[in-house]
Amino acid sequence: MTPFERPDRRCPKCEHNRYMFRARRTIDGKPDEGKFVETKYRCQSCSHDWWERIPAPPEMRKTDTSGAA
Ligand SMILES: [Zn+2]
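Note that this is a predicted model, so its numbers are computed, not measured.

Thresholds, definitions, all that
Residues numbered from 1 in each chain as written. Predicted model: local features only at pLDDT ≥ 70, side-chain atom pairs only at ≥ 80, totals over all residues. Helix = DSSP H or I, 4+ residues; strand = E, 2+ residues; numbered from the N terminus. Buried ≥ 20, exposed ≤ 12 C-beta atoms within 10 Å, placed from the backbone. Contact = placed C-beta atoms within 7 Å. Pairing = 2+ DSSP bridges. Axes fitted to C-alpha atoms, helices over the stretch in contact; angles between N-to-C directions.

A. Region of interest: the overall build of the protein. Counting its secondary structure elements, the protein contains 1 helix and 3 strands. Mapped in sequence order, the helices and strands of the protein form the string β-β-β-α. The buried share among the 69 residues of the protein stands at 4%. Within the protein, counting contacts between residues at least 6 apart in sequence, those at least 24 apart form 42% of the total.

B. Expanded view of the sheet that holds strand 3 (residues 49–55). Across the sheet, 3 strands lie side by side as 1-2-3; this open sheet has antiparallel pairing. Strand pairing shows two members of the sheet lacking a second neighbour, strand 1 (19–28) and strand 3, which therefore form its edges. Going from strand to strand, the sheet's axes swing by 25° on average, the running direction of each strand aside. As paired strands, strand 1 and strand 2 (residues 35–43) are joined by 9 bridges and run antiparallel to one another. Following the sheet pairing, Arg25 is matched in strand 2 by Glu38.

C. Examining the environment of Glu52 more closely. Tracing the backbone shows Glu52 in strand 3. The class of Glu52 is partly exposed, set by 14 C-beta atoms lying within 10 Å. Through-space distance from the C-alpha of Glu52 to that of Tyr41 is 8.0 Å; in sequence the pair is 11 residues apart. Those residues in contact with Glu52 that sit more than four places away from it in its chain are Glu38, Thr39 and Tyr41.

D. Here's a closer look at the pairing of strand 1. Among the 10 residues of strand 1, 0 are classified as buried, and the element is accordingly described as predominantly exposed. Connecting strand 1 to the antiparallel partner strand 2 that follows it, the hairpin turn spans 6 residues, and Gly34 within it adopts a positive phi of roughly 80°.

The structure is reproduced here in structure tokens:
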């Protein structure tokens, strides 16, 4: 039950496979794409930060800004 994690994720700079979770944010894509979730990671080897973008899960897509949450 960890749809945001992929076991083969590696640092895009040095390809080290150890990394730390740094941040997560939801962004709006194109109208036909819906929302995306971007997750920020930091490589434990070279300290490079990077964002990964994946489609938001369905329960987040239907949560529109139709008032106070
Ligand atoms: Zn690295």
